[in-house]
Amino acid sequence: MSSSTTTSNVLLIDLHVKYIQSLDKKRDTLEYWITEHLRLAGVYWGLTALDLMNHVDALDRDDVIAYVKSCQWPNGGFSGHVNHDPHLLYTLYAVQILLIEDAIDAVDVDKIVEYVSDLQDKETGAFKGDEWGEIDTRFSYSALSCLSLLKRLDAIDVPKAVEFIMKCKNFDGGFGSTPGAESHAGQIFCCVGALAIVNSLHLVDGDLLGWWLCERQLKNGGLNGRPQKLEDVCYSWWVLSALSILGKLHWINKEKLFEFVLSAQDTESGGIADRPGDMADVFHTVFGVAGLSLLGYPGLKLVDPVYCLPKHVIQRRGLAERYKV
Amino acid sequence: MTLSPYDLKSNYGDVTPIDQDDGPSPIAPIAYSTEYSTAMAYFRALVRNNEKSKRALDLTSDIIKHNPAHYTVWNYRQQILFTLDENLTKELEFVKGLARDNPKNYQLWHHRQVIVEKLSDSSKELEFINEVLDDDAKNYHAWSYRQWINTHFNLWDDELPFIDTLLKDDVRNNSAWNHRHFVVFHDLDAIDESLIQSEINYTKEKIRQTPNNISPWNYLRGVLEKSSRDIQELESFCKEFTDNDINSMGWLVDIYENRAKNGDDQAKEDAIKICESLANKYDTIRKAYWEYRKDEIAAPSS
Ligand SMILES: [Zn+2]
C-alpha cells in the first residue's frame, strides 16, 4: 500500500480506473468503515474522475443510481451513507452523481429543493449544513450549485445568499468560511463559484483576487491554499478553478503544475496523493484529474470549473456558459 | 476503543443490535467484525428505539473517540445531552480531550460552539483555543471559532497582545495577520487617524524585519482601505527593499500605475520596467501575471 518511488510524466489512466474500482472492495480494512459517513462523496469523486478519464462505465450505472436513492431521506436530503443523517454536502453530491448518470428523475426533486431551501437562514442569507446549524460558505456554494443544477434557484432568496457571501470577502480579495475568517483557496472556490452561478462575478475584484490566487503557486509548481502552507493537489484544483472562472487561468505556470500533479501519482497501485510521496486517495485523485482537465491535458474530457462536473453534463443540462460575465 | 464486545453484551443485553444495511450492491452488505462495527450495530438499535440514556451517551463517546467524523453520532449525542440535561461543562472536557488528536475535525468545533452558546459561558474558551493554536498556529477551525467567541461574548481585550506574541514567534503567520485585521477594525467607530498610523507603523516594522513576506503587505493594503490615505505615500518605504522583495516591487508597480493614469509618463516607464524584471527575473513563475499588468499599463488610456 505504500506509494511508489518512481514517478511518471503521463497520466496513468488505466491504473487510476482500476484504483477507483478497487475502492469498494477494501471492506476488510477498518478505514473503509471509518470513512463510511462520506461514502456518497466517494462515489461522486470516483465517478467524476472516471467520467473525465472516459471510463464512466467502470462503475455499474444501475448500482450507482440505486445506491444514491438509498441515501435519500423522507425530508428530501441525502446522507453520506445509508443510516446516516441527511446533510447539504451529500445532497449536492447525490445530485451531481445523478446528473452524471443522467438519472435525476430517479429521485424526488421537489423534496430536494424543499430540503435545501429550508436550510437558508432568512435573516442573513447564509446556509446551514444541516439542521444542527453549522454555517459556512461551503454550504452557500452547495445550496446554490444544487438548486442551479435542479433549475430551482427561485426557491431561495438569492440576493440574500449573495449578501452573506460578500460579507465573507476579505481585504486581500479572497473569501473565508464566515465573515472575518481568513482567505482560503477552498472557500474562495466556493464563493467565486457561487457568485458565478448567480451571475454576480462583478462583485469580485478579479485582478486582486487573481493575484492572490496565482501567488499560491510555489517553486515546485504545486499550489497551496493559504500563504506559507504546503502545496497540495486538492488546493491546486480550488485555486485553478477559481482562476478559470475569473478568466485568468493562464496566470498559473501550466507546465510546472502538470509536473507537480503527475508526480503525485501512485505509479504502482494507482490514485493521486496530496503531494508526491504520500498515500493516494480518491479525493485527491479527482481533483488532480480535474485540474489536469482544466489545464487541457490531452485525452481527458473537459471539466466545468463552476460545478466541478464534466462539461458535457453541464451542457446536457443546458447550463453551459450561462455563468460567464 | 474501550468497549469490548463483552462489555457491549453486558450493558446492552436488552438491545438487539442492527447490522449495517449497506444498500444495494456493489455496496452490498458483507460481514465485518470489529469492535467498532459492533458498537455501531448497538448505536443503530438505540437510535431506532429513540433511546436517550446515559448508556447511549457513553456509546456515542466511544464511537466518536474511534471515529470523530461520524456526524450522525454527534447529532444524536447533542440530543441526548439536552434531553438528559447533562452537565455541559463536563462536555467541554470531552471535547477538549478529543481536540488533542483531532484538531481539524469539523464536528468537534461546531459541537463546542453549540455547547458554549447554550452554557453562555466563555471562561474556558480562549485557553482552550490557545492550546490548539499552540500546536498549530494556523488551525483554520480554531481561528474561526475564536472570532465567534470574540463577537458573541464581546471579548476583545486579550486579542492584540495575543496576536503580537504569535507574530513575534512567526511573522509569516497569515492567520494571525488576518485576525489582527478582524480585531483592529471590528469597531468601525473606533477607527481614526492615529489608529491607522499606528497600524501602518507596526506593519512597516514587521516588513523591515523579514522581507519577502506577503501577509503584512496584504495587511497594509487592508489598513489603507479603511482610511482615506493613498498608496502613493508608501513609495519611499517600498524603495527601502530595492530588488530583494517581490512584494515591494509589486507595490511600486501599483503606485506608478496610479501615477501613470494621471499622465505621468516617467511613472509609466518605471512601472513597465519593474513588471518586466518581475516577469523575467524575480518572479518568473508568475510571468503571465506580470505581463498582463505590463500590458494594462502600457495600453493607451481611453
Ligand atoms: Zn489536499
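Thresholds applied
- Residues numbered from 1 in each chain as written.
- Chains lettered and ligands numbered in written order.
- Predicted model: local features only at pLDDT ≥ 70, side-chain atom pairs only at ≥ 80, totals over all residues.
- Heavy atoms only, no water.
- Helix = DSSP H or I, 4+ residues; strand = E, 2+ residues; numbered from the N terminus.
- Rg over C-alpha atoms; globule rule 2.2 N^0.38 Å.
- Buried < 20%, exposed > 50% of the residue type's maximum accessible area, 1.4 Å probe, protein only.
- Contact = heavy atoms within 4.5 Å.
- Areas by Shrake-Rupley, 256 points an atom, 1.4 Å probe, with all protein chains shown as cover.
- Lys, Arg positive; Asp, Glu negative; His and termini not counted.
- Charge placed at Lys NZ, Arg CZ, Asp CG, Glu CD.
- Buried area = accessible area lost by both parts, 1.4 Å probe.
- Salt bridge = Lys/Arg side-chain N within 4 Å of Asp/Glu carboxyl O.
- Polar contact = N/O pair within 3.5 Å; in protein donor to acceptor, adjacent residues only side chain to side chain.
- Nonpolar A, V, L, I, M, F, W, Y, C, P; charged D, E, K, R; others polar.
- Donors = N, O, S within 2.8 Å, 3.2 Å for Na, K, Ca; no water.
- Tetrahedral: all angles 85-135°; square planar, octahedral: opposite > 155°, others 65-115°.
- Expected span 1.5 Å × (residues − 1).
- Axes fitted to C-alpha atoms, helices over the stretch in contact; angles between N-to-C directions.
- Parallel < 35°, antiparallel > 145°, perpendicular 65-115°, else oblique.
- Left-handed = near helix turned anticlockwise from the far one by under 90°.
- Core = buried A, V, L, I, M, F, W, Y, C linked by side-chain atoms within 4.5 Å.
- Phe/Tyr/Trp six-rings, centres within 6.5 Å; stacked < 30°, edge-to-face > 60°.

Okay, the overall build of chain B next. The helix and strand inventory of chain B stands at 16 helices and zero strands. Since a compact globule built from 302 residues should have a radius of gyration of about 19 Å, the 28 Å found for chain B marks it as more spread out than a globular shape. In terms of its C-alpha atoms, chain B occupies a principal-axis envelope of roughly 85 × 50 × 35 Å. Relative to its full complement of 302 residues, chain B shows a buried share of 51%. The long-range fraction of contacts in chain B, counting pairs at least 24 apart against all pairs at least 6 apart in sequence, stands at 61%. By element, 47% of the accessible surface of chain B is carried by carbon and sulfur atoms, the whole surface being about 14000 Å². The positive charge centre, built from 36 side chains, and the negative charge centre, built from 52, are 2 Å apart in chain B.

What follows covers the overall build of chain A. Each helix and strand counted, chain A has 14 helices and four strands in total. For 325 residues, the compact-globule estimate of 2.2 N^0.38 gives 20 Å, and chain A sits close to it at 19 Å. In terms of principal-axis extent, the alpha carbons of chain A reach across some 55 × 45 × 35 Å. Out of the 325 residues belonging to chain A, those deemed buried represent 66%.

The next subject is the interface of chain B and chain A. Counting residues at the interface gives 50 residues for chain B and 60 residues for chain A. In total, about 4900 Å² of surface goes out of reach between chain B and chain A, with carbon and sulfur atoms giving 57% of it. When the buried area of chain B at its contact with chain A is split by residue, B:Tyr71, B:Tyr140 and B:Ile285 rank highest and sum to 16% of it. Inspection of the region where chain B meets chain A yields zero salt bridges. Here chain B and chain A share 20 residue pairs in polar contact (both at pLDDT 80 or more) between them. When contributions to the side of chain B that touches chain A are tallied by element, the ones reaching two or more residues are helix 2 (35-48), helix 4 (71-83), helix 6 (106-119), helix 8 (140-152), helix 10 (174-184), helix 12 (214-225) and helix 16 (287-298) of chain B. No other element matches the seven residues that helix 12 of chain B contributes to the side of chain B that touches chain A. Across the side of chain B that touches chain A, the residue classes tally to 20 nonpolar, 21 polar and nine charged.

Bringing the coordination of the zinc ion into the picture now. Residue and element names in this part refer to chain A. Within the protein, the atoms that donate to the zinc ion are Asp 232 (OD), Asp 232 (OD), Cys 234 (SG) and His 284 (NE2), at distances of 2.1 to 2.4 Å. Viewed at the metal, the four donor atoms of the zinc ion are separated by angles of 56 to 120°, and the geometry they form is irregular. Taken in sequence order, the residues that donate to the zinc ion follow the motif D-x1-C-x49-H. Placement of the pair is Asp 232 in the loop between helix 10 (206-214) and helix 11 (233-245) and His 284 in helix 13 (residues 282-294), with a sequence separation of 52 residues.

Here we come to helix 3 (residues 54-66) of chain B. An α-helical turn contains 3.6 residues, so a residue and the one three or four places further along point in the same direction. The end-to-end C-alpha distance of helix 3 of chain B is 19 Å, a good match for the 18 Å that 13 residues give at a rise of 1.5 Å each. Here helix 3 of chain B has its buried residues at B:Arg55, B:Ala56, B:Leu57, B:Leu59, B:Thr60, B:Ser61, B:Asp62, B:Ile63 and B:Ile64.

Before going further, it helps to spend a moment on the packing of helix 3 of chain B against helix 4 of chain B. Residues and elements named next belong to chain B. For the pair helix 3 and helix 4, the least separation of the axes is 10 Å and the interaxial angle reads 150°. Classed by the angle they form, the pair helix 3 and helix 4 counts as roughly antiparallel. Relative to helix 4, helix 3 is oriented so that their crossing is left-handed. On helix 4, the residues that touch Ala 56, Leu 57, Thr 60, Ser 61, Ile 63 and Ile 64 of helix 3 are Val 73, Trp 74, Tyr 76, Arg 77, Ile 80 and Leu 81. Looking at the contact of helix 3 with helix 4, its residues break down into nine nonpolar, two polar and one charged.

Below, the discussion takes up the nonpolar core. Looking at soluble globular proteins, one finds that nonpolar side chains tend to be buried together. Residue and element names in this part refer to chain A. In terms of nonpolar packing, the biggest core is built from 203 residues, with Leu 40, Leu 144, Leu 149, Phe 175, Leu 213 and Trp 237 touching the most fellow members. Among the elements that line this core, the one with the most residues is helix 5 (residues 88-100), at 11 residues. Leu 40 has contacts with Tyr 67, Val 68, Cys 71, Phe 78, Ser 79, Gly 80, Tyr 90, Tyr 93, Ala 94 and Ile 97, leaving out every residue within four places of it along the chain.

All names here are of chain A. The full count for this structure, using the stated rule, is 33 aromatic pairs over all chains. Between the aromatic rings of Tyr 90 and Tyr 93, the centroid separation amounts to 6.0 Å while the plane-to-plane angle is 55°, which identifies the pairing as tilted. On the criterion of helical spacing, the pair formed by Tyr 90 and Tyr 93 is a turn pair, its members being three residues apart in helix 5. For Tyr 90, a relative accessible area of 7% translates into the label buried. Overall, Tyr 93 belongs to the buried group, its relative accessible area being 15%.

To continue, consider the side chain of A:His16. One can find A:His16 in helix 1 (residues 13-22). Sequence-distant contacts of A:His16, that is, excluding residues within four places in its chain, are made with A:Leu11, A:Met53, A:Gln265, A:Gly270, A:Gly271 and A:Ile272.

Right, let's talk about the side chain of A:Asp232 for a bit. Residues and elements named next belong to chain A. Buried charge Asp 232 goes without a salt bridge, the closest partner of opposite sign being Arg 275 at 4.1 Å. Among the polar contacts listed, one links the side chain of Asp 232 to the side chain of His 284, at a separation of 3.2 Å. Setting aside residues up to four positions removed in sequence, Asp 232 forms contacts with Leu 223, Phe 260, Asp 274, Arg 275 and His 284.

A few words on the packing of helix 8 of chain B against helix 10 of chain B. Residue and element names in this part refer to chain B. Between helix 8 and helix 10, whose axes approach to 11 Å, the crossing angle comes to 20°. Relative to helix 10, the element helix 8 is oriented roughly parallel. Crossing of helix 8 over helix 10 shows right-handed handedness. Contacts from Trp 143, Arg 146, Gln 147, Asn 150 and Thr 151 of helix 8 reach helix 10 at Ser 175, Ala 176, Asn 178, His 179 and Phe 182. By residue class, the composition of the contact of helix 8 with helix 10 is three nonpolar, six polar and one charged.

On to the pattern of salt bridges. All names here are of chain A. A full pass over the atoms with the stated rule returns 35 salt bridges over all chains. Among the salt bridges present, the one from Arg 152 reaches Asp 110, with a minimum N-O distance of 3.8 Å. Residue Arg 152 is found in the loop between helix 7 (137-149) and helix 8 (158-167), and its partner Asp 110 is found in helix 6 (residues 109-118); the two are separated by 42 residues along the sequence. Taking the relative accessible area as the measure of exposure, Asp 110 reaches 53% and is therefore exposed.

Residue and element names in this part refer to chain A. Helix length check: helix 13, at 13 residues, gives a terminal C-alpha distance of 18 Å against a target of 18 Å (1.5 Å per residue), a fit within 8%. Across the 13 residues of helix 13, 12 count as buried, placing the element largely inside the fold. Among the residues of helix 13, Val 282, His 284, Thr 285, Val 286, Phe 287, Gly 288, Val 289, Ala 290, Gly 291, Leu 292, Ser 293 and Leu 294 are the ones counted as buried. Among the structural elements, helix 1, helix 3 (39-52), helix 11, helix 12 (254-263) and strand 3 (303-304) are those in contact with the buried residues of helix 13. One side-chain oxygen at the N-terminal end of helix 13 lies 3.1 Å from the backbone nitrogen of Phe 283; it belongs to Asp 281.

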